[in-house]
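Each chain, letter by letter, is given below.
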Amino acid sequence: MTSTPQPKLHAASFHTTRWTRVCLAKADSEDGRRALADLCDAYYEPVVAYLRSVFRDADAAREMSHAFFAEMLVGGTIHTADPERGRFRFYLLGAVKHFAARHREAESRQKRGGGIAPLSLDANSELSPALLVAEDARLSPEAVFDRQWAVTVLERAMQALDAECQAQGKPELVNHLRPWLMGESGYGDQSAAAAALSLSLPAMKAVIHRLRSRFRQMVKAEVAGTLGQDGSVEDEMRSLFAALAG
Amino acid sequence: MAPTLSADSKCPLCGVPLPVDAVNGCCPRCLMAGAMQPTQAGETAPPIPTLTPEELAPHFPQLEILECLGRGGMGVVYRARQKSLNRFVALKLLAPERADDPQFAARFEKEAHALAALNHSHIVGVYDFGQAGGFYFLLMEFVDGVNLRQLLQTKRLTPKEALGIVPQVCDALQCAHDNNIVHCDIKPENLLIDKAGTVKIADFGIARIVGEPDGTDGAMKPGTPDYAAPEQVNGTADHRADIYSLGVVLYEMLTGERPKENFTPPSKRVQVDIRIDEIVLRALEKMPELRFATAADMRHSVEALATDVAVKATGTASRRRRQTALLLSLAVLLALAVAILAHFGLRKPKRITPGAEWVSFDLGHLSDAFKENIQFGRSPYGLTPLGLADTHGVVTAGNMTSEATLVYRRKSFDFSKLASLEVSCCFQRSEIGAGPQALALGLTGSLDGVLSGVPGSPFMGLRLKVVGDSLRLEFQSKQASLGPPRSWESSNQFTTEEGKWYRLSVIFTRLDEQTIRLSGNVCEMDRHGNAGPKIGFFLPRNFGEPIFPVREILSDHDVWVALRAHGPGGAALLDDLQILARPPPSAPALKN
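Residues numbered from 1 in each chain as written. Chains lettered and ligands numbered in written order. Predicted model: local features only at pLDDT ≥ 70, side-chain atom pairs only at ≥ 80, totals over all residues. Heavy atoms only, no water.

Trainee: When you look at the side chain of E231 of chain B in this model, what are you seeing that I'm missing?
Mentor: Residues and elements named next belong to chain B. Along the chain, the position of E231 falls in the loop between α6 (206–210) and α7 (240–255). Under the relative-accessibility criterion, E231 is labelled buried at 9%. Within the local environment of E231, its side chain forms a polar contact with the side chain of R291, the two groups lying 2.9 Å apart. Excluding anything up to four places from it in sequence, E231 contacts T236, A237, R240, A241, K286, P288 and R291. (Helix = DSSP H or I, 4+ residues; strand = E, 2+ residues; numbered from the N terminus. Buried < 20%, exposed > 50% of the residue type's maximum accessible area, 1.4 Å probe, protein only. Polar contact = N/O pair within 3.5 Å; in protein donor to acceptor, adjacent residues only side chain to side chain. Contact = heavy atoms within 4.5 Å.)

What follows is the structure in C-alpha cells.
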C-alpha cells in the first residue's frame, strides 16, 4: 500500500486524515470509514514493523498487515473507535496487539503444528532479513511500533514539505536544504548550497529558517491529526522523540 | 552542493550512526528535535539549555522545584512549591545570558517593583523577585489551567465565550494602565485561564524588562509581530498598543485566524453579530487615536454587546424554557415596577454628552440656531409636543410631502483643528412614501447650505437611503460648483418600525486634507430617550480625493452641521440633535 506512489499532497489533503473525524463520525458512516481508511493507509508501516518484530518474519508480517487492515476496514472495528481512548497511535497498537494474539492462538492449535514454527527453507539466504531481526530484537515490539510511528510522522511531514515546494515551483529548494532541517549548524558548507541555488548566503539562511518553521508546522499538523479532541501535540511529540531515542 | 548523507555515515549533530530508516537521509531523532522547537513568529529561543528542577534546586532553597512548565521567548517557567507557605508558585527565570548586564539589572529592578505593586484579580500576581544563582527570577502566582493558545488549539470558542474573555482582560489592562504599566505583548500565550474560567494576564511588563537596551530606559519594543500594534515598530507606542493586541486576540478567537493586511470583518467570515465588527475594527485601527481611548471603553462596548447576545440566546434556547419562564415573570414584575415609577413621574432627564452642542427642540419654538435656515417654503417645520421623553420635537409641516434642511448656525467648525466630529439626531419613523431618503446628517460649506444635489455649496455626510421598506446607510459628498454628488452605499440593510424612535449617528474623522474617515450607525431609542440596540451600521471607511470630493469641506475653516429630513422618506419627526467636536489628543496618554 505505501509502496505505491503517494498522490501529490497539498496542504489541504494533508490535513484530511484526522483521527477526530473518525471518532466523531457515526459508527458506520461512509465519512468515518473513509477517514479511517486514510489514517490506516498513512500509518501502515508501524503495523508492519510491529508484526515483524513479533513474528520475526518480514514477509509474513507484510501479509498479516494486509489481513489486519482488511479486517479492520471491512469489519466493525470502527465501532470501538472512541474519543475517550485518545490517540490513534494507542488505538492502532491495541488493535494490532489483539489481532496478533488471536493469530498466535490460531497458530498454536495442534492442527497447525502445536506451536512449533515451521522453519523457513530460505533462512540465512541473501533474501531473508536476518540482520534486521537481530537489530530489532533489542527493542520490544511496542517500542518498534512507536519508533516506526515517529519515522512515519516525519516522512509524511517531509512529503508534505516536498509537495509544497513542488507546488511553488521550487522542488530543488528542499532537496538542497534538507540537511539543515535538523539544525542550523553541523552540516558545514552552506555557501556551496547557496551557490547551487544561486542565492546569497543571508538569503539562503532566511529560506532555511522559513523551511524549518514550515516543517515544524507540518509535523505538528500531522501529529495533531492523530490525536483525540483533548490530546496535546507537545506531549505526543515528546513521546515520539523518546521513542526515537530508545 | 549540500552535504550528502549516506546510510552508513553518522549524524553530524548527535553522532549516532544513521539508522536504516533515516528520513530522506536525515537523522530522525534530530529532525524530531528540530520540529519540537516552539513554532512562533520570531522563533529566537534563547540559546541556553533548560535546567532540570534538580539542577536548579540548590539556588532556591526556599522552594521545592517540581517541574518545568515550558519555555518561551522570555525565559523558562517552573512549577514549584513554596515551602514556608505550602503553596504552589510559578518560578520564572529571565534571560540568563543577560545576567552580567548592569543596564538590564537596573531595568529589571525598576519594572519588578512596579509589577509587584500591581494587585488585580485578573493579573498574575508577583510574589517576589531577585537574583539567585546567576538568574534573574520572578516568583509568581501559579495558575492551574491552560493558556488561551492551548484552549484555542483544542476547541473553537463560541462568540459568547470569546466576548466573555475580553472584559476581564480589559479590566486588568485598565488597572495596569492606570499604574503606567503597559503590557506590550498581549497574545493568547499570555492569557491564562484557570479551572474556574477566570482569565489572568501573565508576563506583565516582561517585554519591557527583556527588551533590548537602547539607551531610552527600555522603551517599548515590538512584541510578537502578529499581535504588535503598527506603532510599536518605531517605539512610540503607549497603552493603546495593548488595545490593538487585544483586538487581534479577539479577531483570532472569533475567526480562528489573525487579521492580515486588508482583513475582512469577522461577521463576513463567521456567523457573528455584525456589531462585533465595529468593536474589532475599532480596536484594530492603525492610528492609535482612532482606537478605543481606554481599555475600559472597550470593555463597555463588549459588555453591552455580550449582555444583548446573552438575552437573545436565553430567549431562543428551548432547553432553557423553564429559566426563560422565570425570567419572563421577573421581567413582567420589573416592567410593572417601571410603569408605576414612570406614572408617578420618575423620569430621567435627557442624556447629554458632556461638551456636546445640543438642540433638544424642547423650547417649543425653533431656536435662533435654526430659525433662518429653513429651506423649501415658509414653514416646513412645525413644533409639536411629540418628541422624545414627552418633550417637543420638530415635525416636517405635518404632511407627507415636505422635506427640509436645517443648518445649525450657532457655531461653525474647523476640521483642521479637530480630531473628529460626532453628529447624531433622533427621528421617529413615519410611513415611507415616495421619498428617496429618510434623513441625512452632514456638513456643509455655507449657511445657505443645501444638503442635496443642487449646486451651491459643498457637503458631505451620511444619509438613510430608502430601499423598498428598509433602509441603508450611504455616504455622499459633493463639490460646491458641481453636482450630482458622489456616493458609496453600505451593504448593511435593516428594517425599522413605523412609530418607533431611532437615532442616526455619524462620526467624521479627518485623516489628512484629502481623506475623511466615516463611521455611523442607527440605534433604537425608547420613548424616554434611552439608546437601545444598534440595528444599522456604516463600518469605518475612508473616503478621499480624487474619487470623493472632500477637500473643500476639510480645508474650509467654517463648516456647518446640517440635517435634512424627508417626510415622504419616513422621517417626519425629529428630536435631540447633538454635535460633539473632539480636539486632537494633546500628547500620548502615558509617560514612561
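Once you've had a look at it, read on.
Trainee: Looking at this structure, I do not really get the nonpolar core. What am I missing?
Mentor: Note that soluble globular proteins tend to have their nonpolar side chains buried in a common cluster. Counting 68 residues, the largest nonpolar core has L51, F68, L92, L177, F215 and V219 of chain A together with L31 of chain B as its most contacted members. With residues up to four places along the chain from it excluded, the contact list for L177 of chain A reads L197, M204, V207, I208 and L211 of chain A. (Core = buried A, V, L, I, M, F, W, Y, C linked by side-chain atoms within 4.5 Å.)

Trainee: Looking at this model, I keep getting lost on the environment of K160 of chain B. Mind explaining?
Mentor: Summarising the element assignment, K160 of chain B is placed in helix α5 (residues 159–178). When the C-alpha positions of K160 of chain B and L254 of chain B are compared, they lie 9.5 Å apart, and in sequence the two are 94 residues distant.

Trainee: I keep staring at the packing of aromatic side chains and nothing clicks. Help me out?
Mentor: One pass over the structure, following the stated rule, counts 19 aromatic pairs over all chains. Ring geometry for Y50 of chain A against F145 of chain A: centres 6.3 Å apart, planes inclined by 90°, an arrangement best described as edge-to-face. Taken as a pair, Y50 of chain A in helix α4 (residues 44–55) and F145 of chain A in helix α8 (residues 141–167) lie far apart in primary sequence, 95 residues in all. For the pair shown, Y50 of chain A and F145 of chain A are each scored as buried. The ring centre of F88 of chain B lies 4.9 Å from the NZ or CZ of R79 of chain B, which sits over that ring. (Phe/Tyr/Trp six-rings, centres within 6.5 Å; stacked < 30°, edge-to-face > 60°. Lys NZ or Arg CZ within 6 Å of the ring centre and 35° of its normal.)

Trainee: Quick question: what am I supposed to make of the pairing of strand β3 (residues 87–94) of chain B here?
Mentor: Walk down a regular strand and you will see the side chains alternate between the two sheet faces. All names here are of chain B. Counting buried residues along β3, six of its eight residues qualify, which places the element largely inside the surrounding structure. Looking at chain direction, strand β2 (residues 75–82) and β3 are connected through eight bridges and run antiparallel. Bridge pairing links G75 to L94 in β3. From the end of β2 to the start of β3, which pair antiparallel, there are four residues, and N86 there has a positive phi angle of about 50°. Across six bridges, the pairing between β3 and strand β5 (residues 135–141) is antiparallel. Across the sheet, the residue bridging to K92 is L138, located in β5. (Pairing = 2+ DSSP bridges.)

Trainee: What exactly am I supposed to notice about the packing of α4 of chain A against α8 of chain A here?
Mentor: Axis angle and axis distance: for two packed helices, these are the angle between their axes and the distance between the axes, and together they describe the pair. Residue and element names in this part refer to chain A. Where α4 contacts α8, the axes come no closer than 8 Å and their chain directions differ by 155°. With respect to each other, α4 and α8 are oriented roughly antiparallel. Crossing hand, α4 versus α8: right-handed. Touching E45, P46, V47, A49, Y50, S53 and V54 of α4 are P141, E142, V144, F145, Q148, W149 and T152, all from α8. The residue inventory of the contact of α4 with α8, partitioned by class, reads nine nonpolar, three polar and two charged. (Axes fitted to C-alpha atoms, helices over the stretch in contact; angles between N-to-C directions. Parallel < 35°, antiparallel > 145°, perpendicular 65-115°, else oblique. Left-handed = near helix turned anticlockwise from the far one by under 90°. Nonpolar A, V, L, I, M, F, W, Y, C, P; charged D, E, K, R; others polar.)

Trainee: Any chance you could explain the pattern of salt bridges here in plain terms?
Mentor: Between side chains of opposite charge, a pair can form when the charged atoms approach closely. All names here are of chain B. Per the counting criterion, the structure on display carries 34 salt bridges over all chains. Among the salt bridges present, the one from K200 reaches E141, with a minimum N-O distance of 2.9 Å. With K200 in strand β8 (residues 199–201) and E141 in strand β5, this pair connects stretches of sequence that are 59 residues apart. Given a relative accessible area of 11%, K200 falls into the buried group. A salt bridge links E303 to R299; the shortest N-O distance between them is 3.0 Å. Here E303 and its partner R299 are both found in helix α10 (residues 295–316), four residues apart, which amounts to about one turn of the helix. Here the residues in one salt-bridge network are R149, E189, D226, E252 and R258, joined through shared partners. (Salt bridge = Lys/Arg side-chain N within 4 Å of Asp/Glu carboxyl O.)

None of the figures reported here should be taken as evidence of function without further support.
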